[in-house]
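So you can see what is in the structure, the chains are spelled out below.
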Amino acid sequence: MKGLLIKDAFTMMKETKYFFILAVVMMFLQNDFLFSYIIVYAAMLPMAAQAYDERVKWDKMAQTLPLTVDQIVGSKYIMGYLSAFAAVLMVLAARLLGRSFRAEEFGMLLIVVCVALVVQALNIPLMFWIGVERGRLLFIILVIGAAMAASSIWQEAITAPLTLNIRLLLSAAFGVTVIVNIISFYLCRIVYNRKQ
Amino acid sequence: MNAIELKRVTKNYGAFSLKDITLSLPSGCILGLVGENGAGKSTTIRLLLNAAARDAGEITVLGRDVRKKEFRRVKEQIGVVLDEAYYPDVLSAGNVNLIMKHIYRSWQEDIFYDYLKRFALSEKKLFKEYSRGMKMKLAIAAALSHQPKLLVLDEATSGLDPVIRDEILEIFNDFTRDEDHSVLLSSHIISDLEKISDYIAYLHQGKLVFCEEKDRLLEEYGILHTTSAGLSDVPKDAIEAKRQGRYSTEVLVRRSRLSGAFDVEPANLEDIMLFMAKKGE
């Protein structure tokens, strides 16, 4: 699987540059929507990697290598988790540098991550099923919807933090994210095997 | 031991199906898989790499059923070159080394770099800047750099100029000097197969027409030119297929079933295949 992640890292080099530019812009703007967007965007990087794979027909190659379906499919999930983690670090850094970070925001940041990872979990089986090219519109709607949802949760937390039980919300979000991702992974395996 | 064994393998795709394929590749040999475009060569290769699930039959590669979990380990010993080298454009040969090093346990960096040198491939040049010949050479270098016992080549030489093709065929030939090494080479370029194959399997419209030793094929079959009237003198069991013209008849015959009285011309692989295909129709 490490080999696949390295391959995706090489192919996503350009996208990653865009990612870092966004992070720098973010530091100056301190815009909440932008913060949510960058996390959701990071979790969508597997889709960009898959689109690239489809373009060069990498799947044909992958099927000839000593890789399991779990590794081929799983590498896309891992890539999304790693990118989302990197995005959280960048947002935290931007917030801290802008001296606008409040302790309670950390929980909300994690909720935004959960929203992003749920969207990723919805996207990955879809992209293996219908392909990134054909599912483009659907994915865009999902990403914008997720960014807006994440942003409004964030706003809610900032404006009225005491009205929400953050710990409960965080536990629920975490639980849902784990369950949705597990179901998504197994679904994705079925889709991949069927496509063979 | 056979490196590859297919027994009564069937795969149905609706519009196309591969029917009842039985063939084997003995270790240390080169099997040429030939057939027109869409005959089922790539499907056969996909099935034996377990990249597609068969509907019926048995497939073993290097002694293992391809459906078994442990086949993944066997894949370590199979070098595959497809009709195109499907590497991402932005990779360099150095990147390919880094990726494959983490995919194959038996990856040998030094051998890979030796091949890069031998093929005059730049380590840093991006894949998109390579010519088609260079791309195929990179794919071949990767296929040979993890101690494979079996090479599976799906149209690996098509679209290449004769000089490069010859160079590549020589590499495959060298590979089988070790008696544990075998090659399955699928192509519709019959001259390539004639040059290096020990066995020829001919697929036509999803059916296996024959799978025979090449030398035996060339010894056994011949072409007899005769007339419609003269045809009745030819023993029926010697006639494999015939092509009726207005003034003459060409017959693909089995030499072993004919007496020396007939003037039989040698048949090449292309002749044999064309006759057999016609017979099938």
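These numbers come from a predicted model, not from an experiment. (Residues numbered from 1 in each chain as written. Chains lettered and ligands numbered in written order. Predicted model: local features only at pLDDT ≥ 70, side-chain atom pairs only at ≥ 80, totals over all residues.)

1. Remarks on the overall build of chain B
Selection criterion: Segments assigned H or I by DSSP are reported as helices when at least four residues long, segments assigned E as strands when at least two residues long, and all are numbered from the N terminus. Neighbour density around each residue's C-beta defines its exposure: 20 or more other C-beta atoms within 10 Å make it buried, 12 or fewer make it exposed, and counts between make it partly exposed, where C-beta atoms are placed from the backbone. Residues are defined as contacting one another if the C-beta atoms placed from their backbone atoms lie within 7 Å.
A tally of helices and strands in chain B yields nine helices and 14 strands. The dimensions of chain B, computed from C-alpha atoms along their principal axes, are 70 × 40 × 35 Å. Buried positions account for 41% of the 281 residues belonging to chain B. For chain B, contacts bridging at least 24 residues in sequence account for 67% of all contacts bridging at least 6.

2. Thoughts on the overall build of chain A
When its secondary structure is counted, chain A shows nine helices and zero strands. In chain A, the order of α-helices and β-strands from amino to carboxyl end is α-α-α-α-α-α-α-α-α. A fraction of 89% describes how many contacts in chain A between residues 6 or more apart in sequence connect residues 24 or more apart.

3. Some points on the interface of chain A and chain B
So the rule is basically this: Under the scheme applied, nonpolar residues are Ala, Val, Leu, Ile, Met, Phe, Trp, Tyr, Cys and Pro; charged residues are Asp, Glu, Lys and Arg; polar residues are all the others, including Gly.
In this complex, chain A contributes 20 residues to the contact, which on the side of chain B involves 22 residues. The element best represented in the side of chain A that touches chain B is helix 1 (residues 2-11) of chain A, accounting for six residues. Of the residues in the side of chain A that touches chain B, the class split is 10 nonpolar, six polar and four charged.

4. Section: the pairing of strand 1 (residues 2-12) of chain B
Residues and elements named next belong to chain B. Counted only if it meets this: For two strands to be treated as a pair, DSSP must find at least two bridges joining them.
Relative to strand 2 (residues 17-26), strand 1 is paired through seven bridges, and the arrangement is antiparallel. In the sheet register, Lys11 faces strand 2, and the bridge partner there is Leu18. Here strand 1 hands over to strand 2 after four residues, with Gly14 in that stretch at a positive phi of 90°. Bridge count for strand 1 against strand 4 (residues 56-61) is five bridges, and the pairing is antiparallel. Bridge pairing in strand 4 links Lys7 to Glu58.

5. Structural notes on the sheet that holds strand 14 (residues 264-266) of chain B
Residue and element names in this part refer to chain B. Short version of the rule: Only C-alpha atoms enter the line fits that serve as axes; for helices the fit covers just the stretch in contact. Angles between N-to-C directions range over 0 to 180 degrees.
Across the sheet, which stays open at both edges, the four strands sit in the order 12-13-11-14 with antiparallel pairing between neighbours. Each edge of the open sheet carries a strand with a single partner, namely strand 12 (239-244) and strand 14. The average angle at which neighbouring strand axes cross in this sheet is 30°, direction not considered. Note: strand 11 (residues 221-226) against strand 13 (residues 249-254), six bridges, orientation antiparallel. Across the sheet, Ile223 pairs through a bridge with Leu252, a residue of strand 13.

6. Looking at the environment of Leu25 of chain B
All names here are of chain B. Mapped onto the fold, Leu25 is located in strand 2. Under the C-beta neighbour-count criterion, Leu25 is labelled buried, with 25 such atoms within 10 Å. C-alpha of Leu25 to C-alpha of Asp161: the two residues are 136 residues apart in sequence and 28 Å apart in space. Each residue touching Leu25, except ones within four places of it in the same chain, is listed here: Asn2, Ala3, Ile4, Leu31, Ser182, Leu184 and Tyr199.

7. Side note on the confidence of the model for chain A
The cut-off we apply is this: Here pLDDT means the predictor's own confidence in every residue, given as a number from 0 to 100.
Across chain A, the average pLDDT comes to 80, with 84% of residues at or above 70. Within chain A, helix 1 of chain A carries the highest mean pLDDT (90), whereas helix 8 (residues 136-159) of chain A carries the lowest (70).

8. What to know about helix 4 (residues 109-118) of chain B
Residues and elements named next belong to chain B. Keep this limit in mind: By construction, the arc corresponds to the directions joining the helix axis to the C-beta atoms.
Those residues of helix 4 lying buried are Phe112, Tyr115 and Leu116. Seen end-on, helix 4 carries its buried residues on one side only, within an arc spanning 105°. Among the exposed residues of helix 4, those pointing more than 90 degrees away from its buried face are Asp110, Lys117 and Arg118. The elements touched by buried residues of helix 4 are helix 3 (93-101) and helix 5 (132-144).

9. Details of the packing of helix 4 of chain B against helix 5 of chain B
All names here are of chain B. The cut-off we apply is this: Throughout, the term roughly parallel applies to angles under 35 degrees, roughly antiparallel to angles over 145, roughly perpendicular to angles from 65 to 115, and oblique to all others. Crossings are assigned a handedness: left-handed for a near helix turned anticlockwise from the far helix by less than a right angle, right-handed for a clockwise turn.
The N-to-C vectors of helix 4 and helix 5 enclose an angle of 155°; their axes lie 9 Å apart at closest approach. The angle between helix 4 and helix 5 places the two elements in the roughly antiparallel class. For the pair helix 4 and helix 5, the sense of crossing is right-handed. Contact with helix 4, carried on its side by Phe112, Tyr115 and Leu116, involves Ala141, Ala142 and Leu144 of helix 5 and no other residues of that element. Its residues assigned to classes, the contact of helix 4 with helix 5 comprises six nonpolar, no polar and no charged.

10. Things to note about the domain arrangement of chain B
Residue and element names in this part refer to chain B. What counts here: Delimitation of the domains relies on an automatic or database domain assignment.
In terms of domain boundaries, chain B breaks down into domain 1 (2-213) and domain 2 (217-280). Between the C-alpha centres of domain 1 and domain 2 the distance comes to 34 Å. The interface of domain 1 with domain 2 comprises 12 residues on the first partner and seven residues on the second. Within the residue set of the side of domain 1 that touches domain 2, elements represented by two or more residues are helix 7 (190-196), strand 9 (199-204) and strand 10 (207-213). Among the elements that line the side of domain 1 that touches domain 2, the one with the most residues is strand 10, at five residues.

11. Quick look at the nonpolar core
How we decide: Under the definition applied here, buried Ala, Val, Leu, Ile, Met, Phe, Trp, Tyr and Cys residues are grouped into a nonpolar core through C-beta atoms within 7 Å.
Counting residues in each nonpolar core, the largest one holds 130 residues, and the members touching the most others are Ile39, Val40 and Ala116 of chain A. With 16 residues, the single largest contributor to this core is helix 7 (residues 105-130) of chain A.

12. Describing the packing of helix 6 (residues 69-97) of chain A against helix 7 of chain A
All names here are of chain A. In contact at an axis separation of 11 Å, helix 6 and helix 7 are set at 155° when each is read in the N-to-C sense. As far as their axial angle goes, helix 7 and helix 6 are roughly antiparallel. Once helix 6 is placed against helix 7, the crossing between them reads as right-handed. Contacts from Lys76, Tyr77, Gly80, Ala84, Val88 and Val91 of helix 6 reach helix 7 at Leu109, Val113, Ala116, Leu117, Gln120 and Ile124. Counted by class, the contact of helix 6 with helix 7 contains nine nonpolar, two polar and one charged residues.

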